[in-house]
Amino acid sequence: MSTLGGTPLDYLVSLTIAGGDMSVDALDAQILELFAAEPRVGVLEASRRLGVARGTVQARLDRLHREGVVRGWGPDIDTTAIGYPVTAFATLQIEQGSGHTTVAAALARIPEVLEVHTITGAEDLWCRIVARSNADLQRVIDQVVIVRGIQRASTVIALAEQIPHRVLPLVNAATLPTP
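Structure report, in brief. (Residues numbered from 1 in each chain as written. Predicted model: local features only at pLDDT ≥ 70, side-chain atom pairs only at ≥ 80, totals over all residues. Heavy atoms only, no water.)

**Brief notes about the overall build of the protein chain**
Each helix and strand in the protein chain was counted, giving six helices and four strands. Ordering the α and β elements of the protein chain from the N terminus gives α-α-α-β-α-β-β-α-β-α. For the protein chain, the proportion of its 179 residues judged to be buried stands at 34%. Residue pairs in contact within the protein chain that sit at least 24 positions apart in sequence constitute 71% of those at least 6 positions apart. (Helix = DSSP H or I, 4+ residues; strand = E, 2+ residues; numbered from the N terminus. Buried < 20%, exposed > 50% of the residue type's maximum accessible area, 1.4 Å probe, protein only. Contact = heavy atoms within 4.5 Å.)

What follows is the structure, given as structure tokens:
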């Protein structure tokens, strides 16, 4: 499927397709692609561009939102543009018995911690962190490691973003028959 007007801002629309319960067809993918590329396009204009009834577009959007495929329509914020050009990834090892939820709740209070995921392997949590500079990253890491329950942290700094967060290629792939 082609992108509308160039590279879409795939990450404007966060999508989840859980366990195949929700089917996304080609029209759903086109609607999502259009709204990802131009989130303020409006339902009427979307229906005109896609050649379908306004009610169809609205009903599809309502269904996609209701069923949890579309999780939000908020703006995509460039952390570099707001003064946080350094991105780092940290893996954290937590004390047995301290609980992932408790540690994650404490990490959520640190504004520079953008994501936290429970992971498999030797470490327990993976975090995406931003900072104003490398020196500021040290300050953020210091805030992270003093969280009660964290035993150890290992951090790597991202040098360049090769592929930004994206979902639309996955949505388009989900519309294809499974082999």
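And the narrative resumes.
**Details of the packing of helix H2 (residues 43-50) against helix H3 (residues 54-66)**
With their axes 8 Å apart at the nearest point, H2 and H3 run at an angle of 115° to one another. With respect to H3, the axis of H2 lies roughly perpendicular. Our pair here, H2 against H3, has a crossing hand that is right-handed. Packed against H2, whose contacting residues are Val43, Leu44, Ala46 and Ser47, the element H3 presents Arg54, Val57, Gln58 and Leu61 at the interface. (Axes fitted to C-alpha atoms, helices over the stretch in contact; angles between N-to-C directions. Parallel < 35°, antiparallel > 145°, perpendicular 65-115°, else oblique. Left-handed = near helix turned anticlockwise from the far one by under 90°.)

**So, helix H4 (residues 100-108)**
For H4, the set of buried residues is Val103, Ala106 and Leu107. For H4, the arc enclosing every buried residue in end-on projection is 100°, short of the 170-degree limit, so these residues lie on one face. For H4, exposure combined with an orientation more than 90 degrees from the buried face picks out Thr101 and Ala108. Buried residues in H4 make contact with strand S1 (86-94), strand S2 (113-118), strand S3 (125-131), helix H5 (134-145) and strand S4 (150-157). (Arc of directions from axis to C-beta.)

**A short note on the packing of helix H1 (residues 26-37) against H2**
The description of two helices packed together rests on the angle between their axes and the distance between the axes. Following both chains from N to C, one finds H1 and H2 inclined at 125°, their axes separated by 11 Å at the closest point. Viewed along their axes, H1 and H2 adopt a mutual orientation that is oblique. In terms of crossing hand, the pair formed by H1 and H2 is right-handed. Contact residues: Gln30, Ile31, Leu34 and Phe35 in H1; Val43, Ala46, Arg49 and Leu50 in H2.

**With respect to the sheet that holds S3**
Read from one edge of the open sheet, four strands run S2-S3-S1-S4, paired in antiparallel fashion. Lying at the two open borders of the sheet, with one neighbouring strand each, are S2 and S4. Taken pair by pair, the neighbouring strands of this sheet meet at an average axis angle of 20°, ignoring direction. Strands S1, S2, S3 and S4 of the sheet are contacted by H4, whose axis makes an angle of about 5° with S3. (Pairing = 2+ DSSP bridges.)

**Looking at the environment of His117**
Here His117 lies in strand S2. A residue is classified by how much of its surface remains accessible, and His117, at 37% relative accessible area, is partly exposed. As for His117 and Arg128, which are separated by 11 residues in sequence, their C-alpha atoms are 9.1 Å apart. Leave out the neighbours within four places in its chain, and His117 touches Asp124, Leu125 and Trp126. Among the polar contacts made by the side chain of His117, one reaches the side chain of Glu115 at a distance of 2.8 Å. (Polar contact = N/O pair within 3.5 Å; in protein donor to acceptor, adjacent residues only side chain to side chain.)

**As for the nonpolar core**
Counting 20 residues, the largest nonpolar core has Leu92, Leu107, Ile129, Val144 and Ile150 as the members making the most contacts within it. Elements represented by at least two residues in this core include exactly S1, H4, S3 and H5. Broken down by element, the residue count for this core peaks at five residues, all from S1. With residues up to four places along the chain from it excluded, the contact list for Leu107 reads Leu92, Val113, Val116, Leu125, Cys127, Val144, Val147 and Ile150. (Core = buried A, V, L, I, M, F, W, Y, C linked by side-chain atoms within 4.5 Å.)

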